Protein chains: 4
Amino acid sequence: MSANSFGKRFRITTFGESHGPALGVVVEGCPSGLELDLKLLQRNLDRRRPNQSAITTSRNETDAYEILSGVYEGKTLGTPLTLIVRNNDQKSQDYNDIKAAPRAGHSDDVWKEKFGHTDHRGGGRSSGRETVTRVLAGSIAQMLCHKLAPELEVLAFSYQIASHTLSEAELKSVSFDKIESSSTRFPGAASSAIEDLLKKSKAEGESHGGIIRTVIKGVPAGIGQPVFHKLKSDLTAALMSIGATTGVALGNGVEQIELPGTQFHRNSQDVYGGVRGGISTGEQMQIDTYFKPTSSILDVAKKGRHDPCILPRAVPVVESMVYLVLADHMLWARTDKLE
Amino acid sequence: MSANSFGKRFRITTFGESHGPALGVVVEGCPSGLELDLKLLQRNLDRRRPNQSAITTSRNETDAYEILSGVYEGKTLGTPLTLIVRNNDQKSQDYNDIKAAPRAGHSDDVWKEKFGHTDHRGGGRSSGRETVTRVLAGSIAQMLCHKLAPELEVLAFSYQIASHTLSEAELKSVSFDKIESSSTRFPGAASSAIEDLLKKSKAEGESHGGIIRTVIKGVPAGIGQPVFHKLKSDLTAALMSIGATTGVALGNGVEQIELPGTQFHRNSQDVYGGVRGGISTGEQMQIDTYFKPTSSILDVAKKGRHDPCILPRAVPVVESMVYLVLADHMLWARTDKLE
Amino acid sequence: MSANSFGKRFRITTFGESHGPALGVVVEGCPSGLELDLKLLQRNLDRRRPNQSAITTSRNETDAYEILSGVYEGKTLGTPLTLIVRNNDQKSQDYNDIKAAPRAGHSDDVWKEKFGHTDHRGGGRSSGRETVTRVLAGSIAQMLCHKLAPELEVLAFSYQIASHTLSEAELKSVSFDKIESSSTRFPGAASSAIEDLLKKSKAEGESHGGIIRTVIKGVPAGIGQPVFHKLKSDLTAALMSIGATTGVALGNGVEQIELPGTQFHRNSQDVYGGVRGGISTGEQMQIDTYFKPTSSILDVAKKGRHDPCILPRAVPVVESMVYLVLADHMLWARTDKLE
Amino acid sequence: MSANSFGKRFRITTFGESHGPALGVVVEGCPSGLELDLKLLQRNLDRRRPNQSAITTSRNETDAYEILSGVYEGKTLGTPLTLIVRNNDQKSQDYNDIKAAPRAGHSDDVWKEKFGHTDHRGGGRSSGRETVTRVLAGSIAQMLCHKLAPELEVLAFSYQIASHTLSEAELKSVSFDKIESSSTRFPGAASSAIEDLLKKSKAEGESHGGIIRTVIKGVPAGIGQPVFHKLKSDLTAALMSIGATTGVALGNGVEQIELPGTQFHRNSQDVYGGVRGGISTGEQMQIDTYFKPTSSILDVAKKGRHDPCILPRAVPVVESMVYLVLADHMLWARTDKLE
């Protein structure tokens, strides 16, 4: 119904421009009585924060959040939960030249075409800064998911950056600590080579894309709503709403497309990604999200406002979108049948 | 809000089980005064129809539709438009053995898990037969799209089946007539080899997947609604709601992921797929939809109720989903700005 | 989102014109496993049916329904439930004169203004015949409500017709059998006087309005969703969506408006109508729905197609709308809190 | 879909508790390029503000608003527009006794029943303070309405307070200046008598109800979406979502219910209230909203936190709800037909 809302039962509405006063999100439909884990919330924000390492943009934002509504004595009230983050480092004068000449690869021109009146400073609403609100809301969803399904585990990580890919062996031993131990969020041996590449690219105004893989364990069987809100449909829509994404694959659905059915269907867990008929089977799920190389290259990049590869900072955003979909569908499943 | 509705302005609600009395769709939000092209509607149904050639399932359905509401003197009334197709060839006794032993690769078991009470005959609502209602609605969307954007052209075709892929030269000369001239809807030299493969696979109970590419020309610039209903997000959701799909790629967003940004962004049309910031640029769009090999293999297949490869019949379904998204967004754009 | 859909969790989409092939409804969100009571469904249809007595319109419709989807072996599947009723007595030639001269009090002209292209025959979609789909859906809602809240009782009846009003004593002894024992659905002594008045008015082309009172007992406490889907707000929206309604009063909220608060709030049950803060208290609810005199008077009436007072046939429609709201909110309440 | 959202095209989501940090609203769907009239916004807030006169509650709030998003250089961006108001006078210690003993007539107990965990201070989300966000959003809707329909005029005023009612002559000469010239917003001779009554009632902890009449001129013909979003249905739902409302009447639909149709339908403007078939006719509309006596009587009232009659402050809230519905439907009508 509305362009800035996502979810049917656990529903978020996000707002805010890159250089306006604040960005924020209203979360509706979160049941009352959920205890908030503010450390988790801050940790997720820090993982998405600009300037967190030498390979991310140097825009300086502390991303301190404020809760405006929906919480009392540390628990949700069942009323809309609102969280905001103020913009500090607005340096909008940097962007005055953009007013005349829109940046290549950005969407300044199509927003102008669409809306007539636009905020040219740093992309306005089209800026990647918008994703801070996804992490705010996704963290609340994460808390709810873990309450409703204590076994649930969502791990997102850089699976490919430029031409570096995790090996089969590395894939088998991925853990949250390994992911977070490197600024690339690539839990493999090539991590330091990638770090070097990205430092160089940051200086030169070059950029790189890649794949974020998400592995989900412990999803309750039976969630997802055919035929238009299948779990695979909502998950991929969620991921494709992130700015730089260009493709999604469920399970081995892109890589193994050439196999005949008798081979493909032999190992259902790998190939279906834990979803059949749009409904979770309870098995492990796997989703690959493809990111194009960052579009802020060359000129703009020279000002230091440049992520040479968005993947490290996008990992918590991907996780957040996954949690939002899972929270939505776990609540939705409460009305599936009698009793 | 509801599992069987799709779209925000041009909104459809589909219903019907594979072996129930009928399948159908209610279309809401179609403006009044649209002249219906019933030949187009029938042609699209025929392109999706089972038993249309030697390489498709032999389920015998004529798929004659009936219009129940919303049309008077050949034009839409602005009221809900309802179309149904009755099920003729229900042979539900064929499926009695499924009640005890759910079919591998199908979702009979997860539906049972979710809903408790299910219709085991031929998959019930999870059957691919459900897509007939997408073609009914998609054809109405197609008529509206061509009225609102007369330049618009949507071409979907088999780009890859098993290991056969269209060549660069073949890609450049794709046309509707070439696509429709072969039962594989693969507009290239390998078409007859694919046909042979599929005949053999149909007999043996083998199956194959592939990629349907959709090329869209003449989309008006400025459609798509960031941040959660970006054109790329809604298109992905639409395509990933089709039963056998396992991945979606926008432009060259999967194939060229390794390129550095300075090369990737050189040719914006190829790489962005005609969408930037989630909004159409007016340039050509390209979307690849990945399909896994059909899951009705082996035992069930032996009864002849078996598509050895779903792609030929899925082509009009993919087109329909694309038209539904475009119609929705063209109407939505009417409220973007003052004037 | 869509003009012909109602409800958020238990959601209906209705379709059909007065003189088109059929009218119908798709019910989404009804949990699986609900056993259908087809006798109840038929009884409700019969109570709304034209030509059921000497005081109703003589349009001849048997209103036999057909279930197109969503039911298997007598129980709901959790998939969309679709029911249709075909139009038999279409006599559309009777309405050809309307094409030139729209009927006073009807909305033919405003539909023409709005949509340009309209179906002038018998009001098209604006006809009261549309309410047959409300009764189809409302009956399913009724079955669900009684399953979820076995104590629930909804009684709607004519409380006032023209200047005849039920006495306090009659109000205290209202029962379903008393309501149904008279063609006026006015469970009081004046019933036969009203019957005589309406027969005379039918012959003369006169019409009358009145009030339908609905008394609801056994609503579970805690349903209703502030601030915009308070129970009182959704009930009002539901009732005011019926064609001839002109007002709604909750409890004694219209009659006792002059009382000072210290008197008004003394007897909470009477005054609040069982709703406080938009949430059910568990006490008895009471809602009055005001109907204007039927607008088909004089010329059109002379053809015998005329309800001199719509209230008797509107009673099951009012009940249906109430059940739809209650079913929706009982499902909605399942996600209010943890556990 | 969500309890705190209202509207389909022009859509608002409100948030905030009476004693939390802030209340606010996100407005989605407002077209870009609308120039904001900040004086109008402040004037409307001042008209709703507590402590504006001797007859309103003495809670001390300046209601200074802040715009967080959606506006740049004084015009809307087409992105979500967010406005908040911080709570200053929270005195929550006053409410500690409520935790043990819920207030008569308030909904503290039903919220507790529904959500388990609640904010007992001043009603939390159920407080009338919530309406400040309706005025924020309604003012934006008002600006849009006047841009889209420059002839539009919406006048709301106290038509009845306790037993005082405006005379026919007074009704004919109502104007915005007359309404605003008295603290009662009752544009008639009895205004000073009402003022005296309310001062006395404020001191004594007594309260009074009444009727707010809204007269609307210059609505474009053809807005409203049958069958479930008729203009009358959406308007009455909007009004019945306000805390203290107990009834609504369209035109003379409650007062003249006894008249036979041949008299009732003689003067269509009076009786239909400018809506036929759920669609605006372009004629003058009239809606009466009934308010019960304020429930904060006696004990609580003695603390001075007490509106002896909510009507004077509710007038701008009623106006706001009307503007929200009109803005929504004017945008919705843009997709009614082909042009």
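Residues numbered from 1 in each chain as written. Chains lettered and ligands numbered in written order. Predicted model: local features only at pLDDT ≥ 70, side-chain atom pairs only at ≥ 80, totals over all residues. Heavy atoms only, no water.

### Notes on the sheet that holds strand E2 (residues 11-15) of chain B
All names here are of chain B.
So, step 1. Read across the sheet, five strands follow the order E1-E2-E3-E7-E4 without closing on themselves; strand pairing throughout is antiparallel. Pairing within the sheet leaves two strands with one partner each, and these edge strands are strand E1 (5-6) and strand E4 (65-69).
So, step 2. Here E2 runs beside strand E3 (residues 22-28); their pairing, made up of five bridges, is antiparallel. Bridging from a neighbouring strand, Ile12 pairs with Val27 of E3. (Pairing = 2+ DSSP bridges. Helix = DSSP H or I, 4+ residues; strand = E, 2+ residues; numbered from the N terminus.)

### Side note on the pairing of strand E2 (residues 11-15) of chain A
All names here are of chain A.
So, step 1. E2 sits mainly inside the fold: five of its five residues count as buried.
So, step 2. Burial along E2 is two-sided: Arg11, Thr13 and Phe15 facing one way and Ile12 and Thr14 facing the other are all buried.
So, step 3. Taken together, the two bridges between strand E1 (residues 5-6) and E2 define a ladder with antiparallel strand orientation. Across the sheet, the residue bridging to Ser5 is Thr13, located in E2.
So, step 4. Hairpin connection, E1 to E2: the antiparallel pair is bridged by four residues, and Gly7 has positive phi, about 100°.
So, step 5. Counting the residues in the hairpin turn of E2 and strand E3 (residues 22-28) gives six residues, including Gly16, whose phi is positive at 120°. (Buried < 20%, exposed > 50% of the residue type's maximum accessible area, 1.4 Å probe, protein only.)

### Regarding the sheet that holds strand E10 (residues 210-217) of chain D
So, step 1. Judged by pairing direction, the sheet is antiparallel, and its ten strands sit side by side in the order E9(C)-E8(C)-E10(C)-E14(C)-E11(C)-E11(D)-E14(D)-E10(D)-E8(D)-E9(D) without closing on themselves. Looking along the sheet, the strands with just one partner apiece sit at the ends: strand E9 (164-165) of chain C together with strand E9 (164-165) of chain D.
So, step 2. As defined by bridge partners, strand E8 (residues 153-161) of chain C adjoins strand E10 (residues 210-217) of chain C across eight bridges and the pair is classed as antiparallel. Looking at E10 of chain C, one finds that Gln160 of chain C is bridged to Ile211 of chain C.

### Remarks on the interface of chain C and chain B
So, step 1. If you look at the interface, chain C gives 45 residues, while chain B gives 44 residues.
So, step 2. With both chains or domains summed, chain C and chain B bury close to 3,400 Å², and 60% of this area falls on carbon and sulfur atoms.
So, step 3. Across the salt bridge formed by Glu66 of chain C and Arg86 of chain B, the nearest N and O atoms sit 2.9 Å from each other.
So, step 4. Along the contact surface separating chain C from chain B lie 17 residue pairs in polar contact (both at pLDDT 80 or more).
So, step 5. Those elements giving two or more residues to the side of chain C that touches chain B turn out to be strand E2 (11-15), strand E3 (22-28), strand E4 (65-69), strand E5 (71-72), strand E6 (75-76), strand E7 (81-86) and helix H3 (108-115) of chain C.
So, step 6. A per-class count over the side of chain C that touches chain B returns 15 nonpolar, 18 polar and twelve charged. (Contact = heavy atoms within 4.5 Å. Buried area = accessible area lost by both parts, 1.4 Å probe. Salt bridge = Lys/Arg side-chain N within 4 Å of Asp/Glu carboxyl O. Polar contact = N/O pair within 3.5 Å; in protein donor to acceptor, adjacent residues only side chain to side chain. Nonpolar A, V, L, I, M, F, W, Y, C, P; charged D, E, K, R; others polar.)

### Some points on the packing of aromatic side chains
So, step 1. For the structure on display, the rule yields eight aromatic pairs over all chains.
So, step 2. Measuring from ring centre to ring centre gives 5.5 Å for Phe6 of chain C and Phe228 of chain D, while their planes differ by 40°; the resulting arrangement is tilted. You can see Phe6 of chain C sitting in strand E1 (residues 5-6) and its partner Phe228 of chain D sitting in the loop between E10 and helix H8 (231-240), one on each of two chains.
So, step 3. On the basis of relative accessibility, which here comes to 13%, the residue Phe6 of chain C falls in the buried class.
So, step 4. One Lys or Arg, Lys114 of chain A, reaches over the ring of Phe115 of chain A and ends 5.6 Å from the middle of that ring.
So, step 5. Positioned over the ring face of Tyr159 of chain B is Arg213 of chain B, at 4.0 Å from the centre of the ring. (Phe/Tyr/Trp six-rings, centres within 6.5 Å; stacked < 30°, edge-to-face > 60°. Lys NZ or Arg CZ within 6 Å of the ring centre and 35° of its normal.)

### With respect to the interface of chain B and chain A
How big an interface is tends to be expressed through the accessible area that disappears when the partners come together.
So, step 1. With 85 residues of chain B at the contact, the number on the chain A side is 85 residues.
So, step 2. Summed over both sides, the interface between chain B and chain A buries roughly 6,600 Å², with carbon and sulfur atoms accounting for 59% of that surface.
So, step 3. Between Asp336 of chain B and Lys114 of chain A there is a salt bridge, and its shortest N-O distance comes to 2.8 Å.
So, step 4. Where chain B packs against chain A, one counts 39 residue pairs in polar contact (both at pLDDT 80 or more).
So, step 5. Among the residues making up the side of chain B that touches chain A, the classes are represented as 34 nonpolar, 35 polar and 16 charged.
So, step 6. Bridge count between strand E11 (residues 245-250) of chain A and strand E11 (residues 245-250) of chain B: three bridges; the pairing is antiparallel.

### Topic: the packing of helix H1 (residues 38-48) of chain A against helix H12 (residues 311-332) of chain A
Residues and elements named next belong to chain A.
So, step 1. H12 packs onto H1 with a crossing angle of 140° between their chain directions and a minimal axis gap of 7 Å. The orientation of H1 with respect to H12, classified from their angle, is oblique. From H1, Asn44, Arg47 and Arg48 reach across to H12, where they touch Pro312, Arg313, Val315, Pro316, Val317 and Glu319. (Axes fitted to C-alpha atoms, helices over the stretch in contact; angles between N-to-C directions. Parallel < 35°, antiparallel > 145°, perpendicular 65-115°, else oblique.)

### A closer look at the relation of the copies chain C and chain B
So, step 1. Structural alignment of chain C on chain B gives an RMSD of 0.0 Å, achieved by rotating through 180° and translating 0.0 Å along the axis. The superposition operator between the copies reduces to a two-fold rotation axis.
So, step 2. Both copies present the same face, since 98% of the interface residues in chain C are matched by interface residues at the equivalent positions in chain B. (Least-squares fit on C-alpha atoms with pLDDT ≥ 70 in both.)

### A few points about the nonpolar core
So, step 1. Ranked by size, the top nonpolar core spans 167 residues in total, and within it Phe10, Leu152 and Leu326 of chain A together with Phe10, Leu152 and Leu326 of chain B carry the most contacts.
So, step 2. Residues in contact with Leu152 of chain A, not counting those within four places in the same chain, are Cys145, His146, Ile216, Lys217, Gly218, Val219, Tyr323, Leu326 and Met330 of chain A.
So, step 3. Core analysis: the next-biggest nonpolar cluster, separate from the first, contains 164 residues, Ile161 and Ala327 of chain C together with Ala162 and Ile216 of chain D among them. (Core = buried A, V, L, I, M, F, W, Y, C linked by side-chain atoms within 4.5 Å.)

### A short note on helix H7 (residues 191-204) of chain A
Residue and element names in this part refer to chain A.
So, step 1. Counted at 1.5 Å a residue, the expected span for H7 with its 14 residues is 20 Å, and the 20 Å between its end C-alpha atoms agrees.
So, step 2. If you check which residues of H7 are buried, you get Ser191, Ile194, Leu198, Ser201 and Lys202. Buried positions in H7, seen along its axis, are confined to an arc of 100° and lie on one side of it. Summarising the geometry of H7, the exposed residues directed more than 90 degrees from the buried face are Asp196, Lys200 and Ala203.
So, step 3. In this structure, the buried side of H7 is in contact with strand E8 (153-161) and strand E9 (164-165).
So, step 4. Where H7 terminates, the next one or two residues include Gly205, which has phi positive at roughly 80°. (Expected span 1.5 Å × (residues − 1). Arc of directions from axis to C-beta.)

### Description of the confidence of the model for chain A
So, step 1. With 90% of its residues at a pLDDT of 70 or more, chain A has an overall mean of 90.
So, step 2. Confidence metrics for the complex model read pTM 0.96 and ipTM 0.95. (pLDDT = per-residue confidence, 0-100.)

### Looking at the environment of Thr118 of chain D
So, step 1. Mapping Thr118 of chain D onto the fold places it in the loop between helix H3 (108-115) and helix H4 (131-148).
So, step 2. Using a relative accessible area of 16% as the deciding quantity, one classes Thr118 of chain D as buried.
So, step 3. Remark: the alpha-carbon pair of Thr118 of chain D and Val174 of chain D, spanning 56 residues in sequence, is separated by 43 Å.
So, step 4. Among residues more than four places away in sequence, those in contact with Thr118 of chain D are Tyr72 and Leu77 of chain A together with Trp111 and Lys112 of chain D.

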